[in-house]
Amino acid sequence: MTHDAIILGAGGAGLMAAAVAGQAGAKVLVLDHADRPGKKILISGGGRCNFTNLGVEPQCFLSDNPHFAKSALSRYTQWDFLALVEKHGIAWHEKTLGQLFCDDSARQIVRMLLDECAKGGVDIRLSARLGEITHADGRFHVAGHSAPQLVIATGGPSIPKMGASGVAYDIARQFGLNVIAPRPALVPFTLGAQDNLFKEVTGIATPATARVNGASFDEAVLFTHKGLSGPAILQVSSYWHPGDAVSLDILPRAAELLRDARRRMPRAHLKAALAEHLPNRLADALATRIGLATELGNASDATLDAAADTLTNLTFRPTGTEGYAKAEVTAGGIDTAELSSKTMEARGVPGLYAIGEAVDVTGWLGGYNFQWAWSSGVAAGQAIAARAG
Ligand code: FDA
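What counts and how
- Here, residues in each chain are numbered from 1, in the same order as that chain's written sequence.
- Side-chain atom pairs in this predicted model are given and counted only at pLDDT of 80 or more, local residue features only at pLDDT of at least 70, and totals for whole chains, interfaces and linings cover all residues.
- Side-chain measures here rest on the full set of heavy atoms in the structure, leaving out hydrogens and waters.
- Nonpolar cores are built from buried Ala, Val, Leu, Ile, Met, Phe, Trp, Tyr and Cys residues. Side-chain atoms within 4.5 Å join them into one set.
- Each residue's exposure class comes from its accessible area (1.4 Å probe, protein chains only) as a fraction of the maximum for that residue type: buried when under 20%, exposed when over 50%, partly exposed otherwise.
- Here a helix means four or more residues in a row that DSSP labels H or I, a strand means two or more in a row labelled E, and each is numbered from the N terminus.
- Whether two residues are in contact is decided by their heavy atoms, any of which lying within 4.5 Å being enough.
- The rule for pairing is simple: two strands pair if DSSP sees at least two bridges between them.
- Here an axis means a line fitted to C-alpha atoms, over the contact stretch when the element is a helix, while the angle between two N-to-C directions is reported on a 0 to 180 degree scale.
- Proximity is defined per residue: any heavy atom of the residue falling within 4 Å of a molecule or strand makes that residue near it.
- Counted as a polar contact is a pair of N or O atoms within 3.5 Å, where, for protein atoms, one must be capable of donating a hydrogen and the other of accepting one, and residues adjacent in sequence contribute only when both atoms are in side chains.
- Exposure was quantified through the Shrake-Rupley algorithm and a 1.4 Å probe, taking into account, for residues, occlusion by the shown protein chains and nothing else.
- Note on convention: the crossing is left-handed when the near helix lies turned anticlockwise from the far helix by less than a right angle, right-handed when the turn is clockwise.
- We call Asp, Glu, Lys and Arg charged. Ala, Val, Leu, Ile, Met, Phe, Trp, Tyr, Cys and Pro are nonpolar, and the rest, Gly among them, are polar.
- Salt bridges are defined as contacts in which a side-chain nitrogen from Lys or Arg sits within 4 Å of a carboxyl oxygen from Asp or Glu.
- By convention here, the domain bounds are inherited from an automatic or database domain assignment.
- By buried area we mean how much accessible surface two parts lose on assembly, using a 1.4 Å probe and totalling the loss over both.
- In this scheme Phe, Tyr and Trp rings, the latter by its six-membered ring, pair at centre separations within 6.5 Å, and the angle between planes marks the pair as stacked below 30 degrees, edge-to-face above 60, and tilted otherwise.
- An expected span of 1.5 Å times one less than the residue number is assigned to each helix.

## Some words on the nonpolar core
By size, the foremost hydrophobic cluster in this structure holds 83 residues, and its most contacted members are Phe51, Phe81, Ile109, Ile334, Trp372 and Trp374. If you tally residues by element for this core, the top one is helix 12 (residues 368-388), at 10 residues. Apart from the residues within four sequence positions on either side, Phe81 is in contact with Met16, Phe51, Tyr76, Ile109, Met112, Gln371 and Trp374.

Quick look at the structure:
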């Protein structure tokens, strides 16, 4: 059978593109080396898939070109995906911060995408080895198949043990497309010996505002045996580069709270004042870091203000991140300057498309990355069908 398009990768982006193109009449083949489709969907959101976010806006995405994602996101929105979810009778709920999850299981999202692909007569071949890809006479040849259109939807290298790979970048480079240096994102930080103190608070989570390079997120921070994690940290990690400092406001209004504590309990030490607002072990570690030896009643305004400064601007200089093994996504990727923002087609290689995480568009934590997979997948799917038509 001849195909109008071959889509490499049966993840969220590839399945969405395949379903849209297939239902619009294109003959589509999907190839994936995994033994089942949508593996990352299955493990996402703790098994319930945070499939989109009510607050999707272009500024929730990082890219060398912050305008690139606008077109696709506005033509297939979170509301469009939600309508599809509802059409399939999948019960959902908003957990927090606009994040939408399945009530039951992420398997329902994969089932929905496969049903949509079946409706479009999409041929999905799993456990496929891609091997060498060639391009001749206007056709792309891969794994014994050929078609005039080829979609790179193989994601990024995050979580290699699940079969994730950087093959998207190899294919892009083979066709002369630039790749923005990929790096792990939405990833925990590692801390060095100077922060050993915080190893004692492993497992403690506390709300905080985390800041890196002007980006700021108000969510939980988790202290781990390796360093820092939790949603606020994962969010700022996407904005972090080696050498950058991470600052935490761990006790908002600290100056006011410490002065109030001094008035109410002048015989107490700093740890007791902190323990009124923070978990005990964390209060202990922070008091040690601040090193205020006297009782609160003997501390001057300046001393209390300096302690408050530390608490509202607690600074860490991570030694690195936990890398692709723990990164929820990969930032960087196929340079958007190479692609049409309307169709995701490579400007210099007619018939070649790139979508999803393979592209240099990275969303915040909270359903944004799947929305990019859906939106970019729909954009390419429509273009494939139009060209095939
Ligand atoms: P994706 O990686 O999903 O699919 C790529 C496909 O290509 C895979 O099926 C893979 O097997 C295949 N492939 C790769 N290399 C290949 C090769 N060499 N040959 C053949 N096939 C190959 N996002 C979100 O919005 N909400 C959430 O709740 C979560 N949760 C989450 C949890 C965890 C643990 C991770 C790791 C990630 C998330 N994410 C997330 C991010 C989200 O999973 C991710 O952004 C999307 O899956 C990207 O979709 P793609 O289709 O682009 O790639």
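## Some details on the sheet that holds strand 14 (residues 205-212)
The pairing of strands in a sheet comes from backbone hydrogen bonds and takes either a parallel or an antiparallel form. If you trace the 7 strands from one edge of the open sheet to the other, you get 18-17-14-15-16-13-19, paired in antiparallel fashion. Because the sheet does not close on itself, it has two edges, and the strands there are strand 18 (314-316) and strand 19 (320-321). As paired strands, strand 17 (residues 246-249) and strand 18 are joined by 3 bridges and run antiparallel to one another. Opposite Leu248, over in strand 18, you have Leu314 as the bridge partner. Along the sheet face, helix 10 (residues 280-290) touches strand 14, strand 15 (215-223) and strand 18 and points at about 85 degrees away from the line of strand 18. Sheet contacts for helix 11 (residues 301-312): strand 14, strand 17 and strand 18; angle to strand 17, the most-contacted strand, approximately 115 degrees.

## Some words on the site of the ligand
In the vicinity of the ligand, 29 residues are found, and the nearest of them are Asp32, Asn50, Ser165, Glu357 and Phe370. The separation between an oxygen atom of the ligand and a polar main-chain atom of Gly45 is 3.2 Å. Taking Phe370, its main chain carries an N or O atom lying 2.8 Å from an oxygen atom of the ligand. In isolation the ligand exposes 990 Å². Once the protein is present, 91% of that is buried.

## Comments concerning the packing of helix 1 (residues 12-23) against helix 12
Remark: helix 1 packs on helix 12, axes separated minimally by 7 Å, with the N-to-C direction vectors making an angle of 35 degrees. Taken as a pair, helix 1 and helix 12 cross one another with a handedness that is right-handed. Side by side, helix 1 and helix 12 meet where Gly12, Ala13, Met16, Ala17, Val20 and Ala21 of the first sit next to Ala373, Trp374, Gly377, Val378, Gly381, Gln382, Ile384 and Ala385 of the second. Its residues assigned to classes, the contact of helix 1 with helix 12 shows 10 nonpolar, 4 polar and no charged.

## Focus on the pattern of salt bridges
Counted under the stated rule, the structure contains 17 salt bridges. Residue Arg264 is joined to Glu276 by a salt bridge in which the shortest nitrogen-to-oxygen separation is 2.8 Å. Within this pair, whereas Arg264 is found in helix 8 (residues 254-264), its partner Glu276 is found in the loop between helix 9 (270-275) and helix 10, the two being separated by 12 residues in sequence. Its salt-bridge partner being Glu295, residue Arg267 comes within 3.4 Å of it at the nearest N-O pair. One end of the pair, Arg267, is in the loop between helix 8 and helix 9; the other, Glu295, is in the loop between helix 10 and helix 11, with 28 residues separating them in the sequence. By relative accessible area, which is 64% here, Arg267 ends up exposed. Judged by relative accessible area, Glu295 falls into the partly exposed class, the value being 24%.

## What to know about the domain arrangement of the chain
Examined at the domain level, the chain breaks down into domain 1 (5-184 + 329-388) and domain 2 (189-321). Computed from C-alpha atoms alone, the centre-to-centre distance between domain 1 and domain 2 is 39 Å. Contacts between the two partners involve 6 residues from domain 1, matched on the other side by 10 residues from domain 2. Each partner contributes to the roughly 760 Å² buried at the junction of domain 1 and domain 2, and carbon and sulfur atoms together form 55% of this total. Of all residues in domain 1, Arg183, Trp364 and Leu365 bury the most surface against domain 2, accounting for 56% of the area lost on that side. Viewed at the interface, domain 2 and domain 1 are joined by 0 salt bridges. Between the two partners, domain 1 and domain 2, sit 3 residue pairs in polar contact (both at pLDDT 80 or more). Residue classes in the side of domain 1 that touches domain 2 are distributed as 5 nonpolar, no polar and 1 charged.

## A look at the packing of aromatic side chains
By the definition in use, this model includes 12 aromatic pairs. Between Phe217 and Tyr239 the ring centres are 6.1 Å apart and the planes differ by 45 degrees, which places this aromatic pair in the tilted class. Within this pair, whereas Phe217 is found in strand 15, its partner Tyr239 is found in the loop between helix 7 (231-237) and strand 17, the two being separated by 22 residues in sequence. Since its relative accessible area comes to 7%, Phe217 is described here as buried.

## Side note on helix 12
Over its 21 residues, helix 12 runs 30 Å from end to end, which matches the ideal 30 Å to within 8%, given 1.5 Å per residue. Across the 21 residues of helix 12, 17 count as buried, placing the element largely inside the fold.

## Overview of unusual backbone geometry
Not every positive phi belongs to a glycine, and Ala143 is a case in point at roughly 50 degrees. Examined against the element boundaries, Ala143 turns out to sit in the loop between strand 9 (139-142) and strand 10 (145-147). The exposure class of Ala143 is partly exposed, given its relative accessible area of 34%. Even without glycine at this site, Leu186 takes up a positive phi of about 45 degrees. Structurally, the position occupied by Leu186 is in the loop between strand 12 (179-185) and strand 13 (189-190).

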